[in-house]
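Read off the chains here:
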Amino acid sequence: MNRNCTLPLSEIKTPCFVVDLSLLRKNLAILDRVRRETGVKILLAQKAFSMFSVYGVISGILDGTCASSPHEARLGREEFGKEVTAFAAAYSEQDLKELLTTCNRIIFNSFSQWKRFREIIRNSKDVKFGLRCNPEHSEGDVEIYDPCAPKSRLGIRRADFDGESLEGITGLHMHNLCEKNSDAFARTLAVFEEKFADIIPQMQWINLGGGHHITRQDYDIDLLCRLLNEFRARWGTPEIFLEPGEAVALNTGYLVSSVLDVVHNETDIAILDTSAEAHMPDVLEMPYRPNIIGAGLPDEKKYTYRLAGHSCLAGDVIGDYSFDERLEYGSKLVFLDMAHYTMVKTNTFNGLQLPSIATWDGETGELNMIREFGYADFKSRLS
């Protein structure tokens, strides 16, 4: 079942996230090509990938991090050590004051927030400020991930810029993509330039957001680079940013799980020590069916099972899969592409133990256990 997997499964206590450093380096090489060919700065979106134990690898290539909270900003400053950009739908006064001590750029989601905090930021000469735009152009396939959906709370529509002063604002931020190729970016960029043509020339920097699936095998990198270079030539913007998170860690991580039991109710059901609800919530939220090494679609192979988590949630179901061999107590399964978003979204529902975190180098074969979690991690989140 795992004959195509070279991970040392016998050495991995489950559940465990494992990030392959050799694959991470390959992704970074692709992102570095974009940086070199266009001159853009690329920031790690920590909302997708916050495994700071590998920040030393990533910071050798990328230009900094972006954050959605004071905690993410502080993590980026302390562990990554380069530029930090923050954006949130709204800031409390306390959060903004903390961000002013850690960030190079802070992006506001509304003119009302920008005006409300003008006195607090007046003397922050080392921090640059921007506004998030809503280009009102959707490319997303799932509405929950579409910031340009009708009635979205994210970004300022072009009509809402009218009559507002841009004094003190040096940049614009735009984001509407999710797991998209560069053709979606081309359409979005055209709309953004048309709607904000009178404002772009006033800016010192433009942040063109995330959702660019740059490291995906079929991604058109040449088109992306051409679009970025042509944008710079048209507008002369000194600094342009991209902030991918998923593309940094895409296809670099595994979640190794073990079978705890097999029960039968109209179909065979394998209960794992990995929970969709607690350990990979996007399986239920997106929803999607993660790939598993050596597994096929239902009835494609000899033995079909419904894979389910061990929480009390009735819907803690990962999906239906088939295998060449029977699953039994102790069988290990390797879920693919489990580095981005999955790791940052884990929770301790039911008091379930969080998966350990490890690195593995596909080139050298070295396995390194980074962190194991226990009762103290569960209890410390409560009171």
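You'll find the structure just up there.
Residues numbered from 1 in each chain as written. Predicted model: local features only at pLDDT ≥ 70, side-chain atom pairs only at ≥ 80, totals over all residues. Heavy atoms only, no water.

What follows covers the pattern of salt bridges. According to the stated counting rule, one finds 31 salt bridges in the structure shown. A salt bridge links Lys97 to Glu93; the shortest N-O distance between them is 3.1 Å. Placement of the pair is Lys97 and Glu93 together in helix H4 (residues 93-99), with a separation of four residues, close to one helical turn. Exposure remark for Lys97: the relative accessible area of 43% places this residue in the partly exposed category. With its nearest N and O atoms 3.5 Å apart, the salt bridge here joins Arg187 to Asp183. Of this pair, Arg187 and Asp183 both sit in helix H7 (residues 182-195), four residues apart, which is roughly one turn of that helix. A relative accessible area of 38% means that Asp183 is categorised as partly exposed. (Salt bridge = Lys/Arg side-chain N within 4 Å of Asp/Glu carboxyl O. Helix = DSSP H or I, 4+ residues; strand = E, 2+ residues; numbered from the N terminus. Buried < 20%, exposed > 50% of the residue type's maximum accessible area, 1.4 Å probe, protein only.)

Assignment of secondary structure puts Thr304 in strand E12 (residues 303-308). Looking at Thr304, its side chain comes within polar contact range of the main-chain nitrogen of Asp299, at 2.8 Å. Not counting residues within four places of it along the chain, the set of residues in contact with Thr304 comprises Asp268, Pro298, Asp299, Tyr321 and Ser322. (Polar contact = N/O pair within 3.5 Å; in protein donor to acceptor, adjacent residues only side chain to side chain. Contact = heavy atoms within 4.5 Å.)

With that settled, consider the sheet that holds strand E3 (residues 64-67). Here eight strands make up a closed barrel; going around it, the order is E2-E3-E4-E5-E6-E7-E8-E9 and the pairing parallel. Pairwise comparison of adjacent strand axes, ignoring direction, gives a mean angle of 25 degrees for this sheet. With four bridges connecting them, strand E5 (residues 105-108) and strand E6 (residues 128-133) associate as parallel partners. Within the sheet, the bridge partner assigned to Phe108 lies in E6 and is Leu131. Of the strands in this sheet, strand E8 (205-207) and strand E9 (239-242) are in contact with helix H8 (residues 221-235), which crosses E9 at around 150 degrees. (Pairing = 2+ DSSP bridges. Axes fitted to C-alpha atoms, helices over the stretch in contact; angles between N-to-C directions.)

Overall, the coordinates contain one cavity of 30 Å³ or more when judged by the stated rule. Lys13, Thr14, Pro15, Gln353, Leu354, Pro355 and Ser356 together form the lining of the largest cavity. Looking at the lining of the largest cavity, its residues break down into three nonpolar, three polar and one charged. (1 Å grid on protein atoms, 1.4 Å probe; cavity = no way out; pocket = protein on both sides within 12 Å on 5 of 7 lines; lining within 4 Å. Points joined across faces, edges and corners; volume = space filled by probe spheres on them. Nonpolar A, V, L, I, M, F, W, Y, C, P; charged D, E, K, R; others polar.)

Of the two faces of E3, the one holding Gly64 and Cys66 and the one holding Thr65 and Ala67 are both buried throughout. As paired strands, strand E2 (residues 41-45) and E3 are joined by three bridges and run parallel to one another. Its bridge partner being in E3, Leu43 is matched across the sheet by Gly64. Summarising the sheet, E3 and strand E4 (residues 83-87) pair through four bridges and their orientation is parallel. Opposite Thr65, over in E4, you have Val84 as the bridge partner. Handedness of the crossover is the feature at issue here: the chain leaves E3, passes through helix H3 (residues 70-80), returns alongside E4, and the resulting connection is right-handed. (Right-handed = clockwise from strand over helix to strand, strands pointing away.)

At the junction of Thr14 and Pro15, the peptide bond is cis and its omega measures out at -5 degrees in the coordinates. Mapped onto the elements of the fold, Pro15 is located in the segment before strand E1 (16-20). The omega torsion across Met286 and Pro287 is -15 degrees, close enough to zero to call that bond cis. Counting through the fold element by element, Pro287 comes out in the loop between helix H11 (282-285) and E12.

Moving on: the environment of Arg306. By the secondary structure assignment, Arg306 is in strand E12. A distance of 2.7 Å separates a polar atom in the side chain of Arg306 from a polar atom in the side chain of Asp320.

Before going further, it helps to spend a moment on the layout of surface pockets. If you add up the space inside the largest pocket, you get close to 1,100 Å³. Taken together, 49 residues make up the lining of the largest pocket; nearest its centre are Lys47, Tyr145, His175, Cys178 and Tyr341. If you list the elements that add at least two residues to the lining of the largest pocket, you get E3, E4, helix H9 (246-249) and H11. Ranked by the residues each element gives to the lining of the largest pocket, the list is headed by E4, at three residues. By residue class, the composition of the lining of the largest pocket is 22 nonpolar, 14 polar and 13 charged. Volume-wise, the second largest pocket comes out at about 810 Å³. Around the second largest pocket, the lining is made up of 22 residues, and of these Ser50, Phe52, Met343, Arg371 and Phe373 lie nearest the centre.

To continue, consider the packing of H7 against H8. The interhelical angle for the contact between H7 and H8, taken along N-to-C directions, is 15 degrees, at an axis separation of 9 Å. When the axis of H7 is compared with that of H8, the two are roughly parallel. With respect to the hand of their crossing, H7 and H8 are arranged in left-handed fashion. The residues of H8 that touch H7, namely those facing Ser182, Asp183, Phe185, Ala186, Leu189, Phe192 and Glu193, are Leu223, Leu224, Leu227, Leu228, Phe231, Arg234 and Trp235. (Parallel < 35°, antiparallel > 145°, perpendicular 65-115°, else oblique. Left-handed = near helix turned anticlockwise from the far one by under 90°.)

Bear in mind that shape data such as this cannot, by itself, settle questions of function.
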